[in-house]
Amino acid sequence: MIVQEFSSYYFLIEQHEHARLSAAAAAHVNNPRWKEDNKWDSLLYAIRQHDNAWIPLDQIVSGPAGGQPYSFVDYPLEDKLEAYKKGIEAAGKEDLYSGTLLSMHYASFLKNDTSAAGVSFFEGEQKRQKDWKKRVTGANRLDHHLDILQFFDDVSLYACINKAGTPKSEEVSWFQNGFRHRFSFLGKKKVYPLWQDSSAVKMKPSPFSEAFDFTIQGWKLPKDVWQNEQKTIHTADLQTLTQEIRFV
């Protein structure tokens, strides 16, 4: 779950919804060579499914006593890792190349983790990748495609983590200095995102072929409801809330 905090409520965005925005952004990329790659459909599927592990977790809002709802950052690790495994396996059944990308993506989070659960997960995914890479064609492109997946993950996270219209100085620190990945079709330049106003996100240089609109669908959780409940709430019981974003 992505959690935006407002004065009287939380705006909750499910991880799978954020992945939907990642895929929409990827579909508008201004790079025909990527789209002509015979692995493009598998890559796009991986981008769309890269947070499928969160689907069951995000159906219930939970959190520590006296605190705000868990986000994907502070969600209990062992529960999160078990979900990651199931998400990887589900994607792999549909498309082994996509599943391999998801394994690489999730494992990258735990590369330097020293907890027993983190080390076990990382080592298990390394073994899975070794096996799956033998069974897919085009395995030499996986690292490049992982960079693309993670770039569009970051594009979507930027728009979902920061409140609409957030000044650059107040943004989540992750993206204040631009995105981490650079690509040849953008002259190897770092891409800098900026909330141009309360509804438009501008990328410089822009990776997109054209401006496009997207509606983020989330949930409104009043703080008084959260404080009065037993810290477990079903999202299906909450009021829906949407946010319109234009990428320019």
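Details of the structure are given in the entry above.
All values reported here derive from a predicted model rather than from experimental measurement.

Student: What am I meant to see in the packing of aromatic side chains here?
Tutor: Centre distance and the angle of the planes are the two values used to describe a pair of aromatic rings. Here the structure, examined in full by the defined rule, presents 22 aromatic pairs. Judged by centre distance (5.0 Å) and plane angle (85°), the ring pair of Trp34 and Phe183 falls under edge-to-face. Of the two residues, Trp34 sits in helix 2 (residues 32-36) while Phe183 sits in the loop between helix 8 (142-161) and strand 4 (192-195), which places them 149 residues apart along the sequence. Ring centres of Tyr106 and Phe109 lie 6.2 Å apart, and the angle between their planes is 75°; on these two criteria the pair is classed as edge-to-face. Of this pair, Tyr106 and Phe109 both sit in helix 6 (residues 96-109), separated by three residues, roughly a single helical turn. Judged by its relative accessible area of 43%, Phe109 falls in the partly exposed class. Lying across the ring of Trp132, Arg128 places its NZ or CZ 5.2 Å from the centre.

Student: I would appreciate a short explanation of the nonpolar core in the present structure.
Tutor: Counting 61 residues, the largest nonpolar core has Phe152, Val155 and Phe247 as the members making the most contacts within it. In contact with Phe152, not counting residues within four places along its chain, are Ser22, Ala25, Ala26, Val29, Trp34, Ile47 and Phe208.

Student: For this particular structure, what's the right way to read the sheet that holds strand 6 (residues 212-222)?
Tutor: Strand pairing in a sheet relies on backbone hydrogen bonds, with the paired strands running either antiparallel or parallel. On the basis of which strands lie adjacent, the open sheet formed by six strands has the order 1-2-6-8-5-4 and mixed pairing. The outermost strands of the open sheet, each flanked by one partner alone, are strand 1 (2-5) and strand 4. Going from strand to strand, the sheet's axes swing by 35° on average, the running direction of each strand aside. Strand direction decides the pairing type here: strand 4 and strand 5 (residues 200-204), joined by four bridges, are antiparallel. When the bridges of strand 5 are listed, Leu194 appears paired with Lys202.

Student: Which parts of the structure should I look at to understand the packing of helix 5 (residues 77-94) against helix 6?
Tutor: Two elements in contact, helix 5 and helix 6, have axes whose closest approach is 6 Å; the angle formed by their N-to-C orientations is 160°. The orientation of helix 5 with respect to helix 6, classified from their angle, is roughly antiparallel. Together, Tyr84, Gly87, Ile88, Ala91, Gly92 and Glu94 of helix 5 and Leu96, Gly99, Leu102, Ser103, Tyr106 and Phe109 of helix 6 make up the contact between the two elements. Classifying every residue of the contact of helix 5 with helix 6 gives seven nonpolar, four polar and one charged.

Student: What is the right way to look at the pattern of salt bridges in this model?
Tutor: Pairing between side chains of opposite charge can happen when the charged atoms of each approach one another. According to the stated counting rule, one finds ten salt bridges in the structure shown. Linking Lys85 and Glu82 is a salt bridge whose minimum nitrogen-to-oxygen distance equals 3.2 Å. Taken together, the residues Lys85 and Glu82, both in helix 5 and three residues apart, mark about one turn of the helix. Given the relative accessible area of 27%, Lys85 is considered partly exposed. The partly exposed category is assigned to Glu82, whose relative accessible area is 42%. What emerges from the salt-bridge pattern is a single network uniting Glu89, Glu125 and Arg128.

What counts and what doesn't
- Residues numbered from 1 in each chain as written.
- Predicted model: local features only at pLDDT ≥ 70, side-chain atom pairs only at ≥ 80, totals over all residues.
- Heavy atoms only, no water.
- Phe/Tyr/Trp six-rings, centres within 6.5 Å; stacked < 30°, edge-to-face > 60°.
- Helix = DSSP H or I, 4+ residues; strand = E, 2+ residues; numbered from the N terminus.
- Buried < 20%, exposed > 50% of the residue type's maximum accessible area, 1.4 Å probe, protein only.
- Lys NZ or Arg CZ within 6 Å of the ring centre and 35° of its normal.
- Core = buried A, V, L, I, M, F, W, Y, C linked by side-chain atoms within 4.5 Å.
- Contact = heavy atoms within 4.5 Å.
- Pairing = 2+ DSSP bridges.
- Axes fitted to C-alpha atoms, helices over the stretch in contact; angles between N-to-C directions.
- Parallel < 35°, antiparallel > 145°, perpendicular 65-115°, else oblique.
- Nonpolar A, V, L, I, M, F, W, Y, C, P; charged D, E, K, R; others polar.
- Salt bridge = Lys/Arg side-chain N within 4 Å of Asp/Glu carboxyl O.

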